[in-house]
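Read off the chains here:
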Amino acid sequence: MKRNTIMIADDDEDLLFLLKTHLASVGYIVSSCGNGNAIIEKLTQEKPDVVLLDIEINGMEGDALCRQIKRDKRLTEVKVLIMSGKYDIERISLSCGADGYISKPLSYHIIERKISALFSAQ
């Protein structure tokens, strides 16, 4: 049975640690990237099933990164969930082609449910 892979892209090291630890504990293979400039390269190397992408990472705009991921033919299978505390996160996620969004403050239950829904849709 294939284990599902997730990359967390956020520049908050504490959040990366907490999410990575939790998602690994429920059975996912998890990697992380804290550098906005390295995300595309790391995604093309690892090709995770899902990327949890913070809306702002090292001053870069997550919606622009999402558009870049969605345009990259090497990453067509990667699903993107945008994470943000912005009030208009739903609009942002729709406009950049994300597969969904997660509002901050984060809830493990909601994160697991949204990831599970993406895997069920495959």
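Procedures and definitions
- Residues numbered from 1 in each chain as written.
- Predicted model: local features only at pLDDT ≥ 70, side-chain atom pairs only at ≥ 80, totals over all residues.
- Heavy atoms only, no water.
- Core = buried A, V, L, I, M, F, W, Y, C linked by side-chain atoms within 4.5 Å.
- Buried < 20%, exposed > 50% of the residue type's maximum accessible area, 1.4 Å probe, protein only.
- Contact = heavy atoms within 4.5 Å.
- Helix = DSSP H or I, 4+ residues; strand = E, 2+ residues; numbered from the N terminus.
- Expected span 1.5 Å × (residues − 1).
- Arc of directions from axis to C-beta.

Visitor: Help me get a handle on the nonpolar core, residues and values and all.
Guide: With 21 residues, the main nonpolar core has Ile 39, Val 51, Leu 53, Ile 69, Val 80 and Ile 82 as its most contacted residues. Ignoring sequence-local partners within four residues, the contact set of Ile 39 consists of Ala 9, Cys 33, Leu 53, Ile 57 and Leu 65. Within the second largest apolar cluster, 17 residues are counted, among which are Leu 15, Tyr 28, Ile 102 and Phe 119.

Visitor: Requested: an account of helix α5 (residues 108-120), with residues and values cited.
Guide: If you check α5, its first and last C-alpha atoms are 18 Å apart, about what 13 residues at 1.5 Å a residue would give, namely 18 Å. Buried within α5 we find Ile 111, Ile 115, Leu 118 and Phe 119. Take α5 and look down its axis: the buried residues cluster within an arc of 100 degrees, on one side only. When the buried face of α5 is taken as reference, the exposed residues oriented beyond 90 degrees from it are His 109 and Ser 120. On its buried side, α5 packs onto β1 (5-9), α1 (13-25), β3 (50-54), β6 (79-84) and β7 (100-103).

Visitor: Would you mind going over helix α3 (residues 62-71) in detail, with residue names and values included?
Guide: Taken as a whole, α3 has its buried residues at Gly 62, Asp 63, Leu 65, Cys 66 and Ile 69. Viewed end-on, α3 has its buried residues packed into an arc of 155 degrees, placing them on one side of the element. Against α2 (39-46), β3, β4 (56-57), β5 (60-61), β6 and α4 (89-96) lie the buried residues of α3.

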